[in-house]
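Descriptive structure summary
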Amino acid sequence: MKTQIELAREGVITAQMQTVAFDEEVAPEYVRQMVAEGKTVIPWNHVRKPKAVGIGKGLRTKVNASIGTSSDIVDYAAEVRKARAARESGADTLMELSVGGDLDRVRREVIASVDLPVGNVPLYQAFCEAARKYGDPNKLDEEMLFDLIERQCADGMAFMAVHCGINLYTIERLRKQGYRYGGLVSKGGVSMVAWMLANGRENPLYEKFDRVVGILKKYDTVLSLGNGLRAGAIHDSSDRAQIQELLINCELAEIGREMGCQMLVEGPGHVPLDEVEGNIQLQKRMSGGAPYYMLGPISTDVAPGFDHITAAIGAAQSSRFGADLICYITPAEHLALPNEEDVRQGVKAARIAAYIGDMNKYPEKGRQRDMEMSKARRDLNWEKQFQLALYPEDARAIRASRTPEDEATCTMCGDFCASRGAGKLFAADLNDAKR
Ligand code: SF4
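All of the points below concern the structure found in this document. These numbers were taken from a predicted model, which means no experiment stands behind them.

Buried together is how nonpolar side chains tend to be arranged in soluble globular proteins. In terms of nonpolar packing, the biggest core is built from 90 residues, with L94, I149, L205, L216, L223, L225 and Y328 touching the most fellow members. Setting aside residues up to four positions removed in sequence, Y328 forms contacts with V63, N64, A65, S66, I67, V343, G346, V347 and A350. Ranked by size, the runner-up nonpolar core spans 11 residues in total, among them I5, A8, V31 and A36.

Structural data, given as structure tokens:
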């Protein structure tokens, strides 16, 4: 079966493109064109047929939620609850990143629990299985790795983060650079670097890139080029090793696209706000406009417990400057495995950040809702405010927990409610006269 990009190039508007066009209120022909050019991807899988979600140029910034077991905490039912919580809170895609317990089981249970496109990182299970089988993850052999990628695609993966961009040249850049304040922080990335050093070999995912593409193409799974050397500290942002890997990933995005595979490029990580725009410009320019998947980014290292906020600040900026998919970060980041409530908080923060970014990315269509909210506040129209809120139930709950004496106002100012007095009349005159 052909992939979305192959069909788009033949001029076919698929059912998935129609769905994306309808959801995004754009023309189906526009979606087809962007998919054909590789500027938009629709994570898909011929076997599982998930919800069609468009990621890319001219579309709303999407939010990914990552869940999964760890070696310390294995609770299959909890992972299913987290997947559903992510869906309910507004995640557009899900990544199943388990590294503890029966990895086939947790993947299949999570996939069965939601209709969202689900992605994963095959290196996690590959190194776990090699460690279990041989007692040493560095004994992973490439046939085992490619078989596993096929098995995971057959289970329904709609996108897959594969660390193809780490090669011997990238490691040489890291070695010559001579430092990494935060070390290597990608589990898949650090495991692949260790394997290459232990075996004195090139990364098989780079060396046999066409084989990776061939497997994913069979299912129309999007190949997301993993950012294994991403900075995990603000002071490592944009270092030579990270940019070297980005350069290779952008080159591979072009090759994969030419081969008829839908391609995503992954970005960092930890990035100070003033470097976000440059990072995105570089990725877009070098990859020919491939959709960019940024992990927030986290914008400071010093707020553990609140990294859903540090990442949301970075994500608003990255969305604004062109990131197409942002991965949420939860309050548990750097501290513990996220629980269900962490997942909800993380998705909400990222969803709000993406909304703010889109207001600036698409000013022509992004601000009407804010105008309506302003008027509803001015008019003390509480029901309208709740309807317009990104998370109405949270807003309702806070108001209901502190009932005002005068139902028209709230307990913030009470008798001194500005919207109830002269301010309301003045605002009404001015706004309606000018608009
Ligand atoms: S009481 Fe204060 S915060 Fe509440 S609606 Fe009136 S002006 Fe706004």
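And the narrative resumes.
Turning our eyes to something else, we now look at the pairing of strand 3 (residues 62-67). Along any regular strand, the residues point their side chains to alternate faces of the sheet. Burial runs high along strand 3: 6 of the 6 residues are buried. Here strand 3 shows a buried face lined by K62, N64 and S66 and a second buried face lined by V63, A65 and I67. Examined bridge by bridge, strand 3 and strand 4 (residues 93-96) share 4 bridges and lie parallel to one another. Paired with I67 across the two strands is E96, which belongs to strand 4.

What follows is about the side chain of E79. On the secondary structure map, E79 appears in helix 4 (residues 76-89). Its relative accessible area of 1% is what places E79 among the buried residues. A polar contact of 2.9 Å, which involves the side chain of E79, links it to the side chain of K82. With residues up to four places along the chain from it excluded, the contact list for E79 reads I67, G68, T69, V106, V110 and L337.

Glancing now at the environment of Q152. Its place among the elements puts Q152 in helix 7 (residues 142-154). The residues contacting Q152, other than those within four sequence positions of it, are R107, N120, P122, Q125, M157 and M160.

Scanning the entire structure with this criterion turns up 32 salt bridges. The salt bridge involving E29 is made with R32; its shortest N-O contact spans 2.7 Å. Of this pair, E29 and R32 are both found in helix 3 (residues 28-36), 3 residues apart, which corresponds to roughly one turn of the helix. On the accessibility criterion, E29 (37% relative accessible area) is partly exposed. Between R378 and D379 there is a salt bridge; the shortest N-O distance is 3.0 Å. By relative accessible area, R378 is classed as buried at 10%. Look at D379 and you get partly exposed, because its relative accessible area is 37%.

Around the ligand, the structure places L380, W382, C410, M412, C413, G414, C417, A418 and S419. Spatially, the ligand is embedded in the second largest pocket. Of the residues in the shell around the ligand, the class split is 7 nonpolar, 2 polar and no charged.

What follows is about the environment of P50. In this fold, P50 is placed in the loop between strand 1 (40-41) and strand 2 (55-56). Since its relative accessible area comes to 6%, P50 is described here as buried. Between the C-alpha atom of P50 and that of Y134, which follows or precedes it by 84 residues, the distance is 36 Å. For P50, the contacting residues outside a window of four places in its chain are P43, W44, N45, D115, L116, P117 and A158.

With 13 residues, helix 7 should cover 18 Å at 1.5 Å per step; its first-to-last C-alpha distance of 18 Å lies within 8% of that length. All of the buried residues along helix 7 are E142, M144, L145, F146, L148, I149, Q152 and C153. Buried residues belonging to helix 7 abut helix 5 (103-113), strand 5 (118-120), helix 6 (122-134), strand 6 (159-162), helix 10 (204-207) and helix 11 (209-219). The first or second residue beyond helix 7 is G156, which carries a positive phi of 120°.

Let's shift gears to the pairing of strand 6. The alternating pattern of strand 6 places F159 and A161 and M160 and V162 on opposite faces, both of which are buried. Sheet analysis places strand 5 next to strand 6, joined by 2 bridges and oriented parallel. What sits directly across from G119, in strand 6, is F159.

What follows deals with empty space enclosed by the protein. For the structure shown, the criterion picks out 3 cavities of 30 Å³ or more. Its volume calculated, the largest cavity comes out at about 70 Å³. Looking at the largest cavity, the residues that line it are E96, L97, S98, L103, R107, N120, V121, Y124, Q125 and Q152. Mapped onto the lining of the largest cavity, the elements with two or more residues apiece are helix 5 and helix 6. The residue makeup of the lining of the largest cavity, split by class, is 4 nonpolar, 4 polar and 2 charged. Within this model, the second largest cavity holds a volume of roughly 40 Å³. As for the second largest cavity, its lining consists of G296, H308, A311, A312, A315, I326, C327, Y328, I329, G346, A349 and A350. Breaking the lining of the second largest cavity down by element, the ones donating at least two residues are helix 14 (307-321), strand 10 (325-327) and helix 15 (340-361). Here the lining of the second largest cavity gets 4 residues from one element, more than from any other, and that element is helix 14. When the residues that make up the lining of the second largest cavity are grouped by side-chain class, the tally is 9 nonpolar, 3 polar and no charged.

To continue, consider the packing of aromatic side chains. Scanning the entire structure with this criterion turns up 1 aromatic pair. Between Y179 and Y181, the ring centres sit 5.1 Å apart and the planes meet at 50°, which makes this aromatic pair tilted. Overall, Y179 belongs to the partly exposed group, its relative accessible area being 35%. For Y181, a relative accessible area of 63% translates into the label exposed. Across from the ring centre of Y391, 5.5 Å away, lies the NZ or CZ of K348, which sits over that ring. Across the ring face of W382, the terminal group of R399 is positioned such that the distance to the ring centre comes to 3.7 Å.

Conventions adopted
Every chain is numbered on its own, with residues counted from 1 as its sequence reads. Local features in a predicted model are, by the rule used here, given only for residues with pLDDT of at least 70; side-chain atom pairs are given and counted only at 80 or more, and totals for whole chains, interfaces and linings are based on all residues. Heavy atoms throughout the structure, all of them, feed into the side-chain values; hydrogens and water do not. Here the nonpolar core consists of buried residues drawn from Ala, Val, Leu, Ile, Met, Phe, Trp, Tyr and Cys, with membership extended through side-chain atoms lying within 4.5 Å. Each residue gets one of three labels from its accessible area relative to the maximum for its type: buried under 20%, exposed over 50%, partly exposed in between, using a 1.4 Å probe on protein chains only. Contacts: residue pairs with any heavy atoms within 4.5 Å of one another. Numbering goes from the N terminus for both helices and strands, where a helix is a DSSP run of H or I of at least four residues and a strand is a run of E of at least two. Whether two strands pair comes down to DSSP finding at least two bridges between them. In protein, a polar contact means a hydrogen-donor-capable atom and an acceptor-capable atom, both N or O and within 3.5 Å, with residues adjacent in sequence counting only if both atoms are side-chain atoms; elsewhere, any N or O pair within 3.5 Å suffices. Between Lys or Arg on one side and Asp or Glu on the other, a salt bridge is scored when a side-chain nitrogen of the former is within 4 Å of a carboxyl oxygen of the latter. Here a residue counts as near a molecule or strand whenever at least one of its heavy atoms sits within 4 Å of it. Cavity and pocket criteria rest on a 1 Å grid covering protein atoms alone: a 1.4 Å probe that fits but cannot get out defines a cavity, protein on both sides within 12 Å along at least 5 of 7 lines defines an open pocket, and an atom within 4 Å of a point defines a lining residue. A molecule is said to be in a cavity or pocket once over half of its atoms fall within 2 Å of that pocket's grid points. In the scheme used here, Gly and all other residues not listed as nonpolar or charged are polar, with Ala, Val, Leu, Ile, Met, Phe, Trp, Tyr, Cys and Pro taken as nonpolar and Asp, Glu, Lys and Arg as charged. Expected helix span is given by 1.5 Å per residue-to-residue step, counting one fewer step than there are residues. Grid points are joined across faces, edges and corners, and a volume is the space filled by probe spheres set on the points. Any pair of Phe, Tyr and Trp rings, taking the six-membered ring for Trp, is counted once the centres come within 6.5 Å. Such a pair is stacked with planes under 30 degrees apart, edge-to-face with planes over 60 apart, and tilted for the rest. Over a ring means this: the NZ of a Lys or the CZ of an Arg is within 6 Å of the ring centre and within 35 degrees of the ring normal.

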